[in-house]
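What the coordinates show
Spelled out, the chains give:
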Amino acid sequence: MVSQSPLPHPKDEVCTDEKAWSKDGEDGDGPPRQAKWWYSAFHTVTAMVGAGVLSLPYAMAYLGWGPGTLVLVLSWCITLFTIWQMIQLHELVPGGTRFDRYYELGQHAFGPKLGPWVVLPQQLIVQIGCDIVYMVTGGKCLKKFMEIACTDCTRLKQSYWICIFGSIHFFLSQLPNFNSVAGVSLAAAIMSLSYSTISWVGCLSRGQIENVSYAYKKTTSADYMFRVFNALGEISFAFAGHAVVLEIQATIPSTPSKPSKIPMWRGARTAYFITAICYFPVAMIGYWAFGNVVEDNLLLALKRPEWLIAAANLMVVIHVIGSYQVYAMPVFDMLENLMVKRFKFPRGFPLRLITRSTYVALTLFVGVTFPFFGDLLGFFGGFGFAPTSYFLPCIMWLAIKKPRRFSRSWFINWACIFVGMFIMFASTIGGLRNIIIDASTYSFYT
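Residues take numbers from 1 onward in each chain, read along the sequence in its written order. Whole-chain, interface and lining totals are the exception, using all residues; otherwise, since this is a predicted model, local features are given only for residues with pLDDT of at least 70 and side-chain atom pairs are given and counted only at 80 or more. Only hydrogens and water are set aside when side-chain values are computed; all heavy atoms of the structure are taken into account.

1. Focus on the overall build of the protein
Defined as follows: Every helix listed is a DSSP run of H or I at least four residues long, and every strand listed is a run of E at least two residues long, numbered separately from the N terminus. In this description, contact between two residues means that some pair of their heavy atoms is separated by no more than 4.5 Å.
For the protein, the count of helices and strands is 16 helices and 0 strands. In the protein, the proportion of contacts linking residues at least 24 apart, taken out of those at least 6 apart, comes to 84%.

The structure is reproduced here in structure tokens:
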């Protein structure tokens, strides 16, 4: 199975030497193996707790108290289970082989030709989709911060604020690898916990709006069905760390006596605990305060106290700066390896400058063109996040581990597959339809 990888590293050779297990790839492709368990915790928090948390009350408005709470709890449990599976599969071949990228594990599970086609498109959709959404989120929250902080300043178009936010990444994208963005990622993780807390505390202190209603929104049956589908995608978007979990684990040293799965799982559990204290209060209290008229970005609905809401919006900006880089780093790595191996470009700053700046420019262009926050969450949540977070790990587990038919593991994995596939099809249809509807009445680049 080791020979299936199209990007063989010296570290892939079978060995039992403790130091060799933790050695960097000598060909320049291998990630540095220097991270501690807490690196994995805040990288995972940064990857997961992002723009999606602010839309959870909006999703609750279409699902209602019972179904909304059930979907949220079920998603938390399923994705914690599947992230555990991926951590266990990272080093499933004895002797030092590590699947440092999602598609390498896919090749092991599905074969050298089929594997990349099954995994890589979905992973790229997640990573690129997240970066597009973060461009929109960063620009909108930066605009909101400036409007609160400087009431006498000239009001700029939303498109300009997205461009201002995007310009930051032309510089940050030149940082070489995951370890080099550790400080940015740590700051982002702290910000995510902070603005999530401000969101639900702000709602709690504000209290319920006048004549708050938890009835289902009044609209046509067809429109409501598509909005419910979109809400499922918004919730699945909130559980997003799987697309980069193997790349994060690849930065942790591993030896036969201390495999990387132990510190990685410790970090993942910590990250999921932080995720729970961010997600559930925001979803429940935000919906309690605004009912079925809540906006798709909770912070934009809060008005008082102004200084605190301004600070929270600035925290969102700092957080999505780090989140953008966490999702972009694996894409940068893939693009640069492609340019080196296929087109014989030499590694170095010129290659990074061209490939990474082009990627940032493309995500910025799409974000400015389609700034539909809630609809983008629903579409990308279903089309990309449901496969990578809900059911692809289960399919790979069944293909590799082959649990006994009708055993507990077999039943759990198949249940996750069916739930994930339903969310994928429903939310993709709902998100795409809503983007088309909203684009028909939207004035572009305003």
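Read on for the rest.
2. What to know about the packing of aromatic side chains
Rules: Side-chain rings of Phe, Tyr and Trp (the six-membered ring for Trp) are treated as a pair once their centres are within 6.5 Å; stacked means planes under 30 degrees apart, edge-to-face means over 60, and tilted covers the remaining angles. The classification of residues rests on relative accessible area computed with a 1.4 Å probe and restricted to protein chains. Under 20% of the type maximum is buried, over 50% is exposed, and intermediate values are partly exposed.
The final tally for this structure, using the stated rule, is 17 aromatic pairs. The interplanar angle of 55° and the centroid separation of 6.4 Å between the aromatic rings of Tyr 324 and Tyr 359 together place this pair among those described as tilted. Taken as a pair, Tyr 324 in helix 13 (residues 306-343) and Tyr 359 in helix 14 (residues 349-369) lie far apart in primary sequence, 35 residues in all. Across the pair, exposure class does not vary: Tyr 324 and Tyr 359 are buried alike. Judged by centre distance (6.0 Å) and plane angle (35°), the ring pair of Trp 414 and Phe 418 falls under tilted. Of the two residues, Trp 414 and Phe 418 both sit in helix 16 (residues 408-440), 4 residues apart, roughly one turn of that helix. Given the relative accessible area of 34%, Trp 414 is considered partly exposed. For Phe 418, a relative accessible area of 58% gives the class exposed.

3. Observations concerning the UniProt feature "transmembrane region" (unreviewed entry) in the protein
Here is the rule we go by: UniProt positions are given in the numbering used here, feature names are shortened, and annotations may be inferred rather than shown by experiment.
Sequence positions flagged by UniProt for "transmembrane region" (unreviewed entry) are, in local numbering, residues 37-56, 68-87, 181-204, 271-290, 310-332, 379-399 and 411-436. Note that residues 68-87 is 100% helix and 0% strand, and that its end C-alpha atoms are spaced 29 Å apart. Summarising residues 310-332: 100% helix, 0% strand, and an end-to-end C-alpha distance of 33 Å.

4. So, the pattern of salt bridges
Our working rule: Here a salt bridge means any side-chain nitrogen of Lys or Arg lying within 4 Å of a carboxyl oxygen belonging to Asp or Glu.
Applying the stated criterion across every chain, the model contains 6 salt bridges. Salt-bridge contacts for Lys 143 lead to Glu 147; the nearest nitrogen and oxygen are separated by 2.7 Å. Taken together, the residues Lys 143 and Glu 147, both in helix 6 (residues 114-149) and 4 residues apart, mark about one turn of the helix. Residue classification places Glu 147 among the partly exposed positions, given a relative accessible area of 22%. Note that Glu 147 and Arg 155 form a salt bridge whose closest N and O atoms lie 3.9 Å from each other. Because the salt bridges share partners, they merge into one network encompassing Arg 101, Glu 104 and Asp 333.

5. Regarding the side chain of Ser 75
Position of Ser 75 among the secondary structure elements: in helix 4 (residues 65-89). The buried category is assigned to Ser 75, whose relative accessible area is 2%. Each residue touching Ser 75, except ones within four places of it in the same chain, is listed here: Ile 235, Phe 239 and Tyr 390.

6. Some words on the state of the cysteines
Cut-off, in case you're wondering: The rule for a disulfide is simple: a pair of cysteine sulfur atoms within 2.5 Å.
Per the counting criterion, the structure on display carries 0 disulfides. Not part of a disulfide, Cys 416 finds its nearest cysteine sulfur in Cys 394, a span of 4.2 Å. Cys 416 sits in the buried class, given a relative accessible area of 6%.

7. Some words on helix 7 (residues 158-172)
What counts here: Under the convention used throughout, the expected extent of a helix is 1.5 Å for every residue step, that is, one less than its residue count. Directions are taken from the helix axis to each C-beta atom, and the arc is the one they span.
The first and last C-alpha atoms of helix 7 sit 22 Å apart over 15 residues, in line with the 21 Å expected at 1.5 Å per residue. Taken together, the buried positions of helix 7 are occupied by Gln 158, Ser 159, Trp 161, Ile 162, Phe 165, Gly 166, His 169 and Leu 172. Taken around the axis of helix 7, the buried residues stretch over an arc of 165°, which confines them to a single face. Buried residues along helix 7 sit against helix 6, helix 13 and helix 14.

8. Observations concerning unusual backbone geometry
Phi is positive for Lys 344, close to 60°, though the residue is something other than glycine. Counting through the fold element by element, Lys 344 comes out in the loop between helix 13 and helix 14. Looking at Lys 344, the relative accessible area reads 66%, which means it is exposed. Not every positive phi belongs to a glycine, and Phe 406 is a case in point at roughly 70°. As for its placement among the helices and strands, Phe 406 is situated in the loop between helix 15 (373-401) and helix 16.

9. Focus on the packing of helix 10 (residues 242-249) against helix 11 (residues 261-290)
Think of two packed helices as two axes; the pair is described by the angle between the axes and how far apart they sit. Heads up, the condition is: Axes here mean lines fitted to C-alpha atoms, for a helix over just the part in contact, with angles spanning 0 to 180 degrees between N-to-C directions. Put simply, angles under 35 degrees are roughly parallel, angles over 145 are roughly antiparallel, angles from 65 to 115 are roughly perpendicular, and the rest are oblique. Handedness of a crossing follows from how the near helix is turned relative to the far one, being left-handed for an anticlockwise turn of less than a right angle and right-handed for a clockwise one. For this classification, Asp, Glu, Lys and Arg are treated as charged, while Ala, Val, Leu, Ile, Met, Phe, Trp, Tyr, Cys and Pro are nonpolar and the rest, including Gly, are polar.
With their axes 11 Å apart at the nearest point, helix 10 and helix 11 run at an angle of 140° to one another. Here helix 11 runs oblique to helix 10, going by the angle between their axes. Pair helix 10 / helix 11 crosses with right-handed handedness. Across the interface between the two elements, His 242, Val 245, Ile 248 and Gln 249 from helix 10 touch Lys 261, Met 264 and Tyr 272 from helix 11. When its residues are assigned to classes, the contact of helix 10 with helix 11 shows 4 nonpolar, 2 polar and 1 charged.

10. Re the nonpolar core
To keep things clear, this is the line we draw: Residues belong to one nonpolar core when they are buried, are Ala, Val, Leu, Ile, Met, Phe, Trp, Tyr or Cys, and are joined through side-chain atoms within 4.5 Å.
Residues Leu 56, Ile 235, Phe 239, Tyr 279, Phe 290 and Tyr 327 are the most contacted members of the largest nonpolar core, which totals 119 residues. Among the elements that make up this core, the one with the highest residue count is helix 13 (16 residues). Setting aside residues up to four positions removed in sequence, Ile 235 forms contacts with Leu 56, Ala 59, Leu 63, Gly 68, Val 71, Leu 72, Ser 75 and Tyr 390.

11. Focus: a nonpolar patch on the surface
Filter applied, for reference: Exposure above 30% relative accessible area and no salt bridge define the residues that can form patches, which grow by joining like charges within 9 Å and nonpolar side chains of Val, Leu, Ile, Met, Phe, Trp and Tyr within 5 Å. Accessible surface is estimated by sampling points in the Shrake-Rupley manner with a 1.4 Å probe; for residues, cover comes only from the protein chains shown.
The grouping of Leu 156, Tyr 160 and Ile 164 at the surface amounts to a nonpolar patch, some 250 Å² of accessible area in total. Here Leu 156 is to be found in the loop between helix 6 and helix 7.

12. Points about the packing of helix 6 against helix 10
At their nearest, the axes of helix 6 and helix 10 sit 9 Å apart, and the two run at 95° to each other. Accordingly, the angle class assigned to the pair helix 6 and helix 10 is roughly perpendicular. Residues Gln 123, Val 126 and Gln 127 of helix 6 form the contact with helix 10, whose participating residues are Ala 243, Val 244 and Glu 247. The residue inventory of the contact of helix 6 with helix 10, partitioned by class, reads 3 nonpolar, 2 polar and 1 charged.

13. As for the environment of Asn 230
Of note, Asn 230 is situated in helix 9 (residues 221-237). Classification of Asn 230 by relative accessible area gives buried; the value is 2%. Separated by 203 residues in the primary sequence, Asn 230 and Arg 433 have C-alpha atoms spaced 9.0 Å apart.

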